[in-house]
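Read off the chains here:
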Amino acid sequence: MTLFKEAKKVIAGGVNSPARSFGGVGGDPLFFKSGKGAWIKTEDNQEMIDYVGSWGPLILGHAFPAVIDAIKVAIKDGLSFGAPTKIETKLASKVCEFMPSIERVRMVSTGTEATMSAIRLARGYTKKDIIIKFEGCYHGHSDSLLIKAGSGALTHGVPSSPGIPASLAKHTITLPFNDPESVVNAFKVMKNKIACVIVEPVAGNMNMIKPISGFLETIKDQCQLSGAVLIFDEVMTGFRVAKGGAQSIYGVKPDITTLGKIIGGGLPAAAFGGRKDIMSHLAPEGPVYQAGTLSGNPIAMIAGLVTLESMEVDNFHKSLDLKCETLMKGMSEIAKTFDQPLQVTHLGGMFGFTFNKYGPIKNYNDIIKSDINLFKRFFHGMLSENIYLAPSAFEAGFISSAHTDKEIKLTLEATEKVFTLLKS
Ligand SMILES: *Cc1c(COP(=O)(O)O)cnc(C)c1O
């Protein structure tokens, strides 16, 4: 029996998170047993170059020695105390240092918890209910955020999953990404009711889409004018596109930032933080309740701290950016010679590519016009060349500091081979 069949007998759908199921590309998901640097090994001993990096956390590559060593030392003293430890303060200080907009942090265990809690805090702080989010952005699976746009531009949202009360969807408005006018309009219509705007400053959950000039700035202005809280969801982009996240690149300062993925270095940790006057509304200091048995788990904290500290070398992100550029430019040039409409983008250690013959991709409506069937064939072609890309046309790709020119060269050679096969 295959591993996946066995898993399906006892695990719902055979996976513990749907994106892993290969639903977006067809076929059975691979089972992995180990990773080292840029490479991962399947249970069948196939060794592959990994561009998923556990969906973002592994910016140093798999089993980075300093992180593994620090964990080994820490676990000898116990796994969890449910009481304060020094390491939590150390990681929190590092986060505040890397991201100056963050004055106070609260550690949680997943990105979903971070965004869910940030929204409760924004609502508690403003005493308002409406939240604004953007089509194609993903902020985890909490009820208020699994809401898609209603039929009209400013109509109430509708749940994007069964199990979410329609009455809750009434409080979530979904606008198109990269459309400053619709933001201005939404605030004009309901400015006194908006608790917060939550946005991925670089969208990484609809492939990868950068903000157009003026988009983030307009959101910031509108929030400031009406007293709404601006939440940047940097669960993916935080420490990934730059040490200080997307906010340091685009120069727009949010009130609250949500973090995840890299902050745990591969263990379950996430956080939200921001202005101290807002954060002071959280329990126990303030009335907005939020808690977690394993929040700030010392082993996850040490993994996160050593990961962040290991990024403190000259040109860390510059070097990731150059590697992504070589990879994306290379793939784009190869695609051109085969007349394939490949559009590429990248920033820091993050990249996106999509088969799309329409103009510049600015939002969800643009990205869904991509040729998904072509992507599926390309994905499986690359897989058989030992290149592991995200198994979905709508996910960003990640590179780690362990990826070298050698891996990029192998990837480009594989790309050429796969395009040749696709043509024939
Ligand atoms: C991954 C992600 C989340 C959810 O984080 P989980 O740890 O999977 O709950 C939230 N927001 C963004 C932008 C993400 O990329």
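**Q** Hey, could you run me through the domain arrangement of the protein in this one?
**A** As a measure of interface size, the accessible area lost when the parts come together is often cited. Considered domain by domain, the protein is made up of domain 1 (3-59 + 315-423) and domain 2 (65-310). Look at where the C-alpha atoms of domain 1 and domain 2 centre, and you get two points 26 Å apart. Contacts between the two partners involve 29 residues from domain 1 and, on the opposite side, 30 residues from domain 2. Summed over both sides, the interface between domain 1 and domain 2 buries roughly 2300 Å², with carbon and sulfur atoms accounting for 64% of that surface. Of all residues in domain 1, the largest losses of buried area upon contact with domain 2 belong to L347, M350 and K362, amounting jointly to 26% of the total for that side. The tally of links from domain 1 across to domain 2 stands at ten residue pairs in polar contact (both at pLDDT 80 or more). For the side of domain 1 that touches domain 2, the secondary-structure elements that each account for two or more residues are α11 (316-337), β13 (342-347), β14 (350-355) and α12 (364-367). In terms of residue count, the dominant contributor to the side of domain 1 that touches domain 2 is β14 (five residues). Looking at the side of domain 1 that touches domain 2, its residues break down into 17 nonpolar, nine polar and three charged.

**Q** What exactly am I supposed to notice about unusual backbone geometry here?
**A** With the exception of glycine, the majority of residues adopt a negative phi angle, and the majority of peptide bonds are in the trans configuration. Following A283, the chain continues to P284 via a peptide bond in cis, the omega torsion being 10°. You can see P284 is positioned in the loop between α9 (276-279) and α10 (298-310). With phi around 70°, W55 is a residue other than glycine that occupies positive phi space. A positive phi angle, near 60°, is found at N178, a position not held by glycine. Here N178 lies in the loop between β8 (172-175) and α6 (180-190). The class of N178 is buried, set by a relative accessible area of 5%.

**Q** I'm lost on the sheet that holds strand β16 (residues 397-398) in this one. Help?
**A** Backbone hydrogen bonds hold the strands of a sheet together, and the pairing may be parallel or antiparallel. With antiparallel pairing, the three strands of this open sheet are ordered in space as β13-β14-β16. Looking at strand neighbours, the two that pair on one side only are β13 and β16, the edges of this open sheet. Bridge count for β14 against β16 is two bridges, and the pairing is antiparallel. Within β16, the residue paired with F351 across the bridge is G397. On top of the sheet, α11 reaches β13 and β14; it is set at about 175° to β13, its chief contact.

**Q** What is the right way to read the packing of helix α13 (residues 372-384) against helix α14 (residues 405-423) from this model?
**A** Helix-helix packing is characterised by the crossing angle of the two axes and by the distance between the axes. Relative orientation of the contacting elements α13 and α14 amounts to 125°, with a least axis distance of 9 Å. One element, α13, and the other, α14, form an angle in the oblique class. Of the two possible hands of crossing, α13 and α14 adopt the one that is right-handed. Within the contact between the two elements, α13 uses L374, R377, F378, G381 and M382 and α14 uses T411, A414, T415, V418, F419 and L422.

**Q** Would you mind going over the site of the ligand with me for this structure?
**A** Every residue lining the ligand is accounted for by T110, G111, T112, Y138, H139, G140, E200, N205, D233, V235, M236 and K261. Within the side chain of D233, an N or O atom sits 2.7 Å from a nitrogen atom of the ligand. The side chain of K261 places a nitrogen or oxygen atom 2.6 Å from an oxygen atom of the ligand. Bound to the protein, the ligand loses 83% of the 380 Å² it would expose on its own. Looking at the shell around the ligand, its residues break down into three nonpolar, six polar and three charged.

**Q** Would you mind showing me how to read the side chain of Q222 here?
**A** On the secondary structure map, Q222 appears in helix α7 (residues 215-226). Leave out the neighbours within four places in its chain, and Q222 touches V183, V184 and F187.

Conventions and cut-offs
Residues numbered from 1 in each chain as written. Predicted model: local features only at pLDDT ≥ 70, side-chain atom pairs only at ≥ 80, totals over all residues. Heavy atoms only, no water. Domains from an automatic or database assignment. Contact = heavy atoms within 4.5 Å. Buried area = accessible area lost by both parts, 1.4 Å probe. Polar contact = N/O pair within 3.5 Å; in protein donor to acceptor, adjacent residues only side chain to side chain. Helix = DSSP H or I, 4+ residues; strand = E, 2+ residues; numbered from the N terminus. Nonpolar A, V, L, I, M, F, W, Y, C, P; charged D, E, K, R; others polar. Buried < 20%, exposed > 50% of the residue type's maximum accessible area, 1.4 Å probe, protein only. Pairing = 2+ DSSP bridges. Axes fitted to C-alpha atoms, helices over the stretch in contact; angles between N-to-C directions. Parallel < 35°, antiparallel > 145°, perpendicular 65-115°, else oblique. Left-handed = near helix turned anticlockwise from the far one by under 90°. Near = heavy atom within 4 Å. Areas by Shrake-Rupley, 256 points an atom, 1.4 Å probe, with all protein chains shown as cover.

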